[in-house]
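Descriptive structure summary
Read off the chains here:
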Amino acid sequence: SQTTGLNKAVSAEFAAAFSGSAGADGGDAAPSGYALNVTNGTASGLLDTATGQAIYLYLNANGVVEGRVGSGDAANANGAVAFTVAVSNTGQVTLTQKTAIKHPVDSDPDDAVSIAANKITLEATITDRDSDTDTAQLDLGPKLSFKDDGPNLAVRGPNEIIEGGDPITGSWTH
């Protein structure tokens, strides 16, 4: 499971996933706002590597989804934050991994796991000139993945020695 590169944010634009029309009242055809939605305390489908506990989803007061590590096989609103998901007013979604996420043990050291379907939705809102609104949702969970960084081991050639972590190549005689 991933243990390096934690607390690093990656972002992607999702505005293009939505299209709209302001109708006869006119206005901007692009969404006027974005929000994330979850049911607090719902399982994400992911596990924390250090504890083996499930990770549960919560929406904080700032509209950011927090994946929190459960306790005793139950949701824990005060559990450690494993990851966060935020959205900007332009539709840019940012995923920040804070703890290692468990991956299957298999022959692929670079596999990915995603949040389960129908757990997080991205909602776009469009507003016309007389303040009528409409919304559309996108199932965001499967689009958010955590890649593994499995170990890598190689056998060095017969003429390599290591100095300070860097290989030194060449020939030598006894």
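Structure shown above.
So, here's what we can say about the structure. Here the residue numbers are simple positions, counted from 1 along each chain's written sequence. Totals for whole chains, interfaces and linings use all residues, but because this is a predicted model, local features are given only for residues with pLDDT of at least 70 and pairs of side-chain atoms are given and counted only at 80 or more. As a rule here, side-chain values cover all heavy atoms of the structure and leave hydrogens and water aside.

Secondary structure elements are taken from DSSP: a helix is a run of H or I of four residues or more, a strand is a run of E of two residues or more, and numbering for both begins at the N terminus. When its secondary structure is counted, the protein shows 0 helices and 13 strands. Its helices and strands taken in sequence order, the protein reads β-β-β-β-β-β-β-β-β-β-β-β-β from the N to the C terminus. Burial statistics for the protein: of 174 residues in total, 30% are counted as buried. In the protein, once contacts between residues fewer than 6 apart in sequence are set aside, the share between residues at least 24 apart is 53%. The method behind every accessible area is Shrake-Rupley, applied with a 1.4 Å probe, and residues are considered shielded solely by the protein chains displayed. Counting only carbon and sulfur atoms, one obtains 49% of the accessible surface of the protein, whose full area is about 10,200 Å². Relative accessibility decides the category of a residue: with a 1.4 Å probe and only protein chains considered, values under 20% of the type maximum give buried, values over 50% give exposed, and everything between is partly exposed. It only takes one pair of heavy atoms within 4.5 Å for two residues to be counted as in contact.

Spatially, 3 strands are ordered β2-β9-β10 in an open sheet, and the strand pairing comes out antiparallel. Looking along the sheet, the strands with just one partner apiece sit at the ends: β2 (33-37) and β10 (133-139). Adjacent strand axes in the sheet meet at a mean angle of 25°, parallel and antiparallel pairs treated alike. Should DSSP find at least two bridges between two strands, the strands are taken to pair. Between N-to-C directions, angles cover 0 to 180 degrees, with each direction set by a line fitted to C-alpha atoms, over the stretch in contact for helices.

The nonpolar side chains of a soluble globular protein tend to be buried, and buried together. Throughout, nonpolar core names a set of buried Ala, Val, Leu, Ile, Met, Phe, Trp, Tyr and Cys residues whose side chains join them through atoms within 4.5 Å. Of all hydrophobic cores here, the largest spans 25 residues; its most connected members are Phe-83, Val-85, Ile-120, Leu-122 and Leu-140. Sorting the residues of this core by element identifies β2, β4 (54-59), β5 (65-69), β6 (81-87), β7 (92-97) and β9 (121-127) as the ones contributing at least two each. Broken down by element, this core gets its largest block of residues, 3 residues, from β6.

We now examine the environment of Thr-99. By the element assignment, Thr-99 lies in the loop between β7 and β8 (112-114). Setting aside anything within four residues of it in sequence, one finds Thr-99 in contact with Leu-6, Asp-48, Val-81 and Ala-82.

Moving on, we come to the environment of Leu-122. Turning to its location among the elements, Leu-122 is positioned in strand β9. According to the relative accessible area criterion, Leu-122 is buried, its value standing at 0%. Expressed as a C-alpha distance, the spacing of Leu-122 and Val-38, which sit 84 residues apart in the sequence, is 9.3 Å. If near-sequence neighbours (up to four positions away) are discounted, Leu-122 is found in contact with Phe-14, Phe-18, Tyr-34, Ala-35, Leu-36, Val-87, Val-93, Ala-136, Gln-137, Leu-138 and Leu-140.

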